[in-house]
Amino acid sequence: ATSWRELDPEEVKKGIMAKYPPKVARKRSKHFVVNKKKDEQSYEPIQANVRTIPGIISQRGCCYAGCKGVVMGPTRDIINLTHGPIGCGFYSWLTRRNQTDPSTTPDGHNFMTYCFSTDIEDKEVIFGGEKKLKQAIQEAFDIFKPKMISVFSTCPIGLIGDDIHSVTREMQEKLGITIFGFSCEGYKGVSQSAGHHVANNGLFMHVIGQDDTVQEGEYKVNLLGEYNIGGDEFIIDELFEKCGIKIISTFSGNSSVDHFRNSHTADLNLIMCHRSINYVADMMEEKYGIPWMKINFLGAKSTAASLRKIAQYYGDQKLIDRVEEVIAEEMVDVEKAQADVQTRLKGKLAMMFVGGSRAHHYQELFNEMGMQTIAAGYEFAHRDDYEGRHVLPSITVDSDSRNIEELDVEKDPTRYNPRIPEDEMEQEERHGIKLKTYDGMMPDMEENFTYSIDDISQYETEKMIEIYKPAIFCAGIKEKYMVQKHGMPMKQLHSYDSGGPYAVFKGAINFYYEIDRMINSKVWGHIRAPWEENPELAAMYA
Ligand code: CFM
Ligand code: HCA
């Protein structure tokens, strides 16, 4: 087999694009980029956060998924009521494996194990669903006595025009608890990304800042963009406790309404997934003066760097020393594990296509195993998530999908997302820590040989697999079995399959050995696709 270094990536790209009709090829080419520096400051631009070409099989989800499933879903003591047909509520019900620990709030409420939906049917589509929504809110209140109920609009609700906001206002007045709605109809925007924004706004307007109780603790932080998939938040919390850092609220893994309400009393906002929660961070900075900075707890090296960044932010020698002690202690096992798995994994290729931040963050873990990420991409991230600090963060086109054709990188680069030189960028500093850095995926990938591919299609996925034969492919449930049919292991980076946690030092070790087991399992050698065993099949279906 040819080594991947002998392939010309631009030629590979050309070959893949050649199969598309010319107009589609032109569009997809802008999303399918060989990682290269354009000049000292910036990378080859990538088109992102625009509408998927109709007819293409994409990995993306919807606005409702981003709002209800992703941002609001992991909070245990809110009744999240889906106003829509039963499928929307059902398919966003715990498939993400976000975990919670109800024993940490006094009332012990945990509604996450229930699926709340108005279950609208033909009758409501024709005559309206507001009455049924009112009844559902009343029923949920009577049975569970929650502190808060939130209502989520699905596609048909937007189409029939139910006014969820007037219903929730009326019910809030009647029942005396927090009740409000999210206009997160699935079709809004171009992906889950619009839903994150809707959820951030709702949280900020209706929940954050309602409880001024000042808690004990020397270093008080909020952890933003951490959703406790497979228990990640639990072990981050454990590590913080060891260092003496207190988490006031996580947005929103293992979270409670009580924590959200009190979160404005923290000193600092730490952002794990910037894509899904940057709006809350910006609004909290503006209103309460709480600064934010990005951290990354995936990978041992970036965990250590993140802890040091936090300690340095506080500038307190006691914390700096404690953090160094903890890092030294944890790194003993980490280094042993790395050396061990590297003997079996060094030089192997990985591809990862997920969401809006993990396709970048998980590359750290693969680096630590000695593996090479050959291609990576996001489903719905924006240009700054790829290109890094040299593009302005998030000029969002989410809420206006009609103007997307105009917002073309090449036709109008400045309007789309103007590039700004580093020295002009706001770089708030504290104790030498640059708070606002917008580091992206591209600067961390090897130049000239690797790819960033936005909103990858199934066709492109299969071609990349055929050409590069990676040792492992990481994505979600929709891709899983297609990948396995190519005879290679597939790891879900959304739900972690049934594994996790993978965050911080302990999680890193867990991840190394999981990938080691998957790649070195003998089972893949036994898989032969039907067309490999019976070549006449290919002829038959040609
Ligand atoms: Fe952020 Fe996430 Fe992600 Fe995301 Fe998601 Fe997720 Fe993801 Mo699935 S919030 S962007 S919308 S890190 S649900 S926990 S795994 S696509 S990469
Ligand atoms: C979502 C949630 C999802 C889906 C995962 C997948 C998740 O975007 O609606 O496609 O496997 O992490 O659960 O991203």
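All values reported here derive from a predicted model rather than from experimental measurement. (Residues numbered from 1 in each chain as written. Chains lettered and ligands numbered in written order. Predicted model: local features only at pLDDT ≥ 70, side-chain atom pairs only at ≥ 80, totals over all residues. Heavy atoms only, no water.)

### Regarding the overall build of the protein chain
Consideration 1: Assigned secondary structure in the protein chain consists of 22 helices and 16 strands.
Consideration 2: The C-alpha atoms of the protein chain give 24 Å as radius of gyration, which agrees with the globular expectation for 542 residues (24 Å, within 12%).
Consideration 3: Its C-alpha atoms put the protein chain at 70 × 65 × 50 Å along the principal axes.
Consideration 4: Within the protein chain, buried positions represent 56% of all 542 residues. (Helix = DSSP H or I, 4+ residues; strand = E, 2+ residues; numbered from the N terminus. Rg over C-alpha atoms; globule rule 2.2 N^0.38 Å. Buried < 20%, exposed > 50% of the residue type's maximum accessible area, 1.4 Å probe, protein only.)

### Focus on the environment of A311
Consideration 1: Along the chain, A311 falls in helix α13 (residues 300-314).
Consideration 2: With relative accessibility at 1%, the residue A311 sits in the buried group.
Consideration 3: Excluding its chain neighbours within four sequence positions, the residues that come into contact with A311 are D316, L319, I320 and V323. (Contact = heavy atoms within 4.5 Å.)

### Some points on the site of ligand 2
Consideration 1: The immediate surroundings of ligand 2 are formed by A65, R96, Q192, G476, I477, K478, Q492 and H494.
Consideration 2: Between ligand 2 and I477, the relevant distance is 2.7 Å, taken from an oxygen atom to a main-chain nitrogen or oxygen of the residue.
Consideration 3: In the model, an oxygen atom of ligand 2 is placed 2.9 Å from a nitrogen or oxygen of the H494 side chain.
Consideration 4: For ligand 2, whose accessible area on its own is 350 Å², the fraction buried by protein is 78%. (Near = heavy atom within 4 Å. Polar contact = N/O pair within 3.5 Å; in protein donor to acceptor, adjacent residues only side chain to side chain. Areas by Shrake-Rupley, 256 points an atom, 1.4 Å probe, with all protein chains shown as cover.)

### Describing the site of ligand 1
Consideration 1: Around ligand 1 lies a shell of 13 residues, among which R96, H196, C273, S357 and H494 are the nearest.
Consideration 2: Looking at the shell around ligand 1 residue by residue, the class counts come to 5 nonpolar, 6 polar and 2 charged. (Nonpolar A, V, L, I, M, F, W, Y, C, P; charged D, E, K, R; others polar.)

### Points about the environment of D211
Consideration 1: Checked against the element boundaries, D211 lands in the loop between α9 (192-206) and β6 (219-226).
Consideration 2: Judged by its relative accessible area of 27%, D211 falls in the partly exposed class.
Consideration 3: At 2.5 Å, the side chain of D211 forms a polar contact with the side chain of T213.

### Things to note about α9
Consideration 1: Between its terminal C-alpha atoms α9 stretches 21 Å, which fits the 21 Å expected from 15 residues at 1.5 Å a residue.
Consideration 2: Elements that come into contact with the buried residues of α9 comprise α3 (63-72), β5 (178-182), β7 (245-252), α11 (257-262) and α12 (274-288).
Consideration 3: The backbone nitrogen of S193 lies 3.1 Å from a side-chain oxygen of the residue at the head of α9, namely S191. (Expected span 1.5 Å × (residues − 1).)

### As for unusual backbone geometry
Consideration 1: Looking along the chain, the bond that leaves F251 and enters S252 is cis, with omega of -5°.
Consideration 2: Topologically, S252 is positioned in strand β7.
Consideration 3: Between G500 and P501 the backbone carries a cis peptide bond, its omega angle lying at -5°.
Consideration 4: Inspection of the secondary structure assignment puts P501 in the loop between β16 (490-492) and α20 (504-519).
Consideration 5: Its identity as a non-glycine residue notwithstanding, L94 has a phi of 65°, on the positive side.
Consideration 6: Looking at the secondary structure, you find L94 in the loop between α4 (86-91) and β3 (116-117).
Consideration 7: Unusually for a residue other than glycine, N228 sits at a positive phi of about 55°.
Consideration 8: By relative accessible area, which is 0% here, N228 ends up buried.

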